[in-house]
Amino acid sequence: MANGDLEVTDKEREAFMYMLRDSGRENYPLNVSWCVSFEGERGNTCSMWGVVKWVDPKARRVQLANQTSSQWIEMEKITNVHV
(Lines give C-alpha, C1' and ligand atoms only; values in the text may rest on other atoms or scores of the structure.)
Protein backbone atom coordinates (compact mmCIF):
# COMPACT_ATOMS: atom_id res chain seq x y z
CA MET A 1 0.00 0.00 0.00
CA ALA A 2 1.19 3.43 -0.82
CA ASN A 3 2.90 5.16 2.11
CA GLY A 4 1.41 2.77 4.68
CA ASP A 5 -2.16 4.07 4.22
CA LEU A 6 -5.20 2.24 2.89
CA GLU A 7 -4.84 3.49 -0.69
CA VAL A 8 -4.04 0.69 -3.11
CA THR A 9 -1.92 1.31 -6.19
CA ASP A 10 -2.94 0.03 -9.62
CA LYS A 11 -0.04 -2.43 -9.54
CA GLU A 12 -1.18 -3.80 -6.17
CA ARG A 13 -4.78 -4.07 -7.39
CA GLU A 14 -3.62 -6.07 -10.44
CA ALA A 15 -1.66 -8.43 -8.17
CA PHE A 16 -4.71 -8.85 -5.91
CA MET A 17 -6.93 -9.69 -8.89
CA TYR A 18 -4.41 -12.26 -10.15
CA MET A 19 -4.31 -13.97 -6.72
CA LEU A 20 -8.11 -13.88 -6.37
CA ARG A 21 -8.68 -15.44 -9.80
CA ASP A 22 -5.95 -18.01 -9.19
CA SER A 23 -7.56 -18.98 -5.86
CA GLY A 24 -10.81 -19.59 -7.71
CA ARG A 25 -9.13 -21.68 -10.43
CA GLU A 26 -6.80 -23.68 -8.20
CA ASN A 27 -9.07 -23.86 -5.11
CA TYR A 28 -6.57 -22.62 -2.52
CA PRO A 29 -7.34 -20.28 0.41
CA LEU A 30 -6.29 -16.65 0.75
CA ASN A 31 -6.55 -14.03 3.46
CA VAL A 32 -8.39 -10.98 2.10
CA SER A 33 -8.64 -7.63 3.90
CA TRP A 34 -11.07 -4.87 2.94
CA CYS A 35 -12.45 -1.57 4.27
CA VAL A 36 -15.96 -1.25 5.65
CA SER A 37 -17.23 2.31 6.05
CA PHE A 38 -19.78 3.30 8.65
CA GLU A 39 -21.98 6.36 8.44
CA GLY A 40 -20.34 9.23 10.29
CA GLU A 41 -17.17 7.22 10.98
CA ARG A 42 -13.96 6.43 9.17
CA GLY A 43 -14.73 2.70 9.15
CA ASN A 44 -12.88 -0.50 9.90
CA THR A 45 -10.74 -3.02 8.12
CA CYS A 46 -12.16 -6.55 8.00
CA SER A 47 -10.38 -9.71 6.95
CA MET A 48 -11.42 -13.24 6.10
CA TRP A 49 -9.64 -16.45 5.20
CA GLY A 50 -11.20 -18.54 2.41
CA VAL A 51 -11.33 -19.68 -1.20
CA VAL A 52 -12.70 -17.50 -3.99
CA LYS A 53 -15.93 -19.13 -5.18
CA TRP A 54 -17.06 -16.50 -7.65
CA VAL A 55 -15.71 -13.38 -9.37
CA ASP A 56 -18.49 -11.08 -10.59
CA PRO A 57 -16.79 -8.65 -13.00
CA LYS A 58 -20.03 -6.82 -13.81
CA ALA A 59 -20.75 -5.97 -10.15
CA ARG A 60 -16.99 -5.72 -9.39
CA ARG A 61 -17.06 -8.06 -6.42
CA VAL A 62 -15.77 -11.48 -5.35
CA GLN A 63 -17.31 -14.18 -3.19
CA LEU A 64 -14.98 -15.62 -0.56
CA ALA A 65 -16.04 -18.75 1.34
CA ASN A 66 -14.69 -20.94 4.10
CA GLN A 67 -16.15 -23.76 6.21
CA THR A 68 -18.27 -21.43 8.35
CA SER A 69 -19.26 -18.47 6.16
CA SER A 70 -19.41 -16.80 2.77
CA GLN A 71 -18.87 -13.10 2.04
CA TRP A 72 -19.25 -10.90 -1.05
CA ILE A 73 -16.47 -8.28 -1.13
CA GLU A 74 -16.38 -5.23 -3.41
CA MET A 75 -13.11 -5.21 -5.39
CA GLU A 76 -12.56 -1.46 -4.83
CA LYS A 77 -12.61 -1.96 -1.06
CA ILE A 78 -9.94 -4.70 -0.98
CA THR A 79 -6.79 -3.43 0.73
CA ASN A 80 -4.67 -6.62 0.94
CA VAL A 81 -4.58 -10.20 -0.32
CA HIS A 82 -2.05 -12.80 0.75
CA VAL A 83 -1.59 -16.56 0.95
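Please refer to the structure higher up on the page.
Residues numbered from 1 in each chain as written. Predicted model: local features only at pLDDT ≥ 70, side-chain atom pairs only at ≥ 80, totals over all residues. Heavy atoms only, no water.

### Some words on the pattern of salt bridges
Part 1: On inspection of all chains with the given rule, the structure shows three salt bridges.
Part 2: When the shortest N-O distance is used, the salt bridge between D22 and R25 registers 3.5 Å. Taken together, the residues span about one helical turn, with D22 and R25 both in helix α1 (residues 10–26) at a distance of three residues.
Part 3: The closest approach of N and O atoms between D56 and R61, which form a salt bridge, is 3.6 Å.
Part 4: According to the relative accessible area criterion, R61 is partly exposed, its value standing at 29%. (Salt bridge = Lys/Arg side-chain N within 4 Å of Asp/Glu carboxyl O. Helix = DSSP H or I, 4+ residues; strand = E, 2+ residues; numbered from the N terminus. Buried < 20%, exposed > 50% of the residue type's maximum accessible area, 1.4 Å probe, protein only.)

### Focus on unusual backbone geometry
Part 1: Notably, N27 is not glycine yet its phi reads approximately 60 degrees, a positive angle.
Part 2: The topology assignment puts N27 in the loop between α1 and β1 (30–36).
Part 3: For R60, which is not glycine, the phi dihedral falls at a positive 55 degrees.
Part 4: If you trace the backbone, R60 turns up in the loop between β2 (44–56) and β3 (61–65).

Structural measurements only, silent on function.
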